[in-house]
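Chains, contacts and geometry: an overview
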Amino acid sequence: MFPVELRGSKAPTLMWAHEHEIEPQAVAQLRNIASLNWVHGVRVMPDVHLGKGATVGSVIAMREAVAPAAVGVDIGCGMESVKTSLTAADLPDDLRSLRSRIEAAVPVGFHAHDNAVDTRKFLGMRVPGANRALRGWDRFWNAFTDLHPGVSAHESRARRQIGTLGSGNHFIEVCLDENDSVWILLHSGSRYIGKELAQRHMEIARALPHNADLPDRDLAVFIAGTPQMADYRRDLDWAQEYAARNRAVMLALVCRAVHEEFVRLDVRFDESISAHHNYVAEEKIDGIPMLVTRKGAVRAGAGDLALIPGSMGTRSYVVRGKGNPASFQSASHGAGRRMSRTAAKKQFTVADLIAQTEGVESRKDAGVVDEIPAAYKDIDAVIEAQSDLIDVVATLRQVLCVKG
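Residues numbered from 1 in each chain as written. Predicted model: local features only at pLDDT ≥ 70, side-chain atom pairs only at ≥ 80, totals over all residues. Heavy atoms only, no water.

With that out of the way, let us pick up the packing of aromatic side chains. All told, the structure shown has 10 aromatic pairs when counted by the stated rule. Between the aromatic rings of Phe222 and Tyr232, the centroid separation amounts to 5.3 Å while the plane-to-plane angle is 35°, which identifies the pairing as tilted. One end of the pair, Phe222, is in strand 9 (residues 222–223); the other, Tyr232, is in helix 7 (residues 227–261), with 10 residues separating them in the sequence. Here the two residues Phe222 and Tyr232 agree in accessibility, since each one is buried. Looking at Arg157, its charged tip hangs above the ring of Tyr192, at a distance of 3.7 Å from the centre. Over the face of the ring belonging to Tyr376 we find Arg337, whose NZ or CZ atom lies 4.9 Å from the ring centre. (Phe/Tyr/Trp six-rings, centres within 6.5 Å; stacked < 30°, edge-to-face > 60°. Helix = DSSP H or I, 4+ residues; strand = E, 2+ residues; numbered from the N terminus. Buried < 20%, exposed > 50% of the residue type's maximum accessible area, 1.4 Å probe, protein only. Lys NZ or Arg CZ within 6 Å of the ring centre and 35° of its normal.)

Turning to the environment of Glu103, a few remarks are in order. As for its position among the elements, Glu103 is in helix 2 (residues 96–105). Taking the C-alpha atoms as reference, Glu103 lies 17 Å from Arg191; in sequence the two are 88 residues apart.

On inspection of all chains with the given rule, the structure shows 30 salt bridges. Where Glu361 meets Arg99, a salt bridge forms, and the shortest distance between an N and an O atom there is 2.8 Å. Highlighted residues: Glu361 in the loop between helix 9 (350–356) and helix 10 (379–385) and Arg99 in helix 2, separated in sequence by 262 residues. Each member of the pair, Glu361 as well as Arg99, is classed as buried. Between Arg101 and Glu261 there is a salt bridge, with its nearest N and O atoms 2.5 Å apart. Of this pair, Arg101 sits in helix 2 while Glu261 sits in helix 7; the two residues are 160 residues apart in sequence, bridging distant segments of the chain. One network of salt bridges, with partners in common, ties together Arg337, Arg341, Asp370, Glu371 and Lys403. (Salt bridge = Lys/Arg side-chain N within 4 Å of Asp/Glu carboxyl O.)

Taken in spatial order, the seven strands of this open sheet run 10-6-8-7-17-15-14, and their pairing is antiparallel. At either margin of the open sheet sits one strand with a lone partner, and together these are strand 10 (273–276) and strand 14 (305–308). Across the sheet, the mean angle separating the axes of adjacent strands is 30° when strand polarity is ignored. As paired elements, strand 7 (residues 171–176) and strand 8 (residues 181–188) share six bridges and run antiparallel to each other. Of the residues in strand 8, the one forming a bridge with Leu176 is Val182. (Pairing = 2+ DSSP bridges. Axes fitted to C-alpha atoms, helices over the stretch in contact; angles between N-to-C directions.)

Interpretation in functional terms is not warranted from these geometric data alone.
What follows is the structure in structure tokens.
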């Protein structure tokens, strides 16, 4: 059944969704993207929905060019997960205490740590993320002074936001798989500093002469060999690393909280699985070197492990890529929204949220109504639509969800 071709697109555009299932504005975005001279091809995932400039759930292969909007403002956003030695039988009936402990360890929303996390405290810790957080820490922060001068005043904030969640669709979850093993799953990105860098470079790109006649100025591109491209790639790489370090520190903090909550059980953790889904990579597409941007999509090369979450109160999936070249070796990054946050707040109530998240220890108030499961596409249908791209390794159901 899939993929299907998007009619009327200049560059070949294959979709793992039917055109009539996608918002007309998102379809128009896809055609605009495919019309850019530098685009070799576009691939569209089943969680596709409207984004700023570039569509969420899109994979774009470009020749010696990159569009910052095709990466998104949350540079390096992604997922992290780990299986624990705990089982459902180890969990108490009331998970409020565990949620409170996690929320005490990891600031959510716009909050940051009072002081930057001292990663030296991770030395010797047997929790996932600790080693990755420690490795190259000084080298990484020493590079901050090389970034766009407009962010120079934000270093303290960036340091204090390492190991924090954010808001919106970001989350920390405790889940059970089919065998009742307990997993930790989290989703976050590059926080304020990533947004600042992205927006500043988007503004630079819009002013470049070669972007004057674009169908959408938000699709402005940088071209290889120019100083503007070099500056963007430097800041992009740093922000992608920031996002990965943010998740590594957060995972270490959450695992430590779980260990403390179940200290008598001496909780052990498997190797973590990590997959980012707003990023740029240099890859060969159809045998040609390309700059590939995945915005709301994960790499699904042969054997690659990835994470595809549903909404709070549904299911999430651990998957293994099949390396399908038709999709540029990609898969979806989640369920994908089926309605905007504004529309969800107008349509649903706190009572609806409580009903749809029954059995999940989580916030159940007006502040997260826009994250209600009904605002998202059916995650099972999204997974089924990409059966030629991935194999399911584990199915996870949420029992606890922390939101900003």
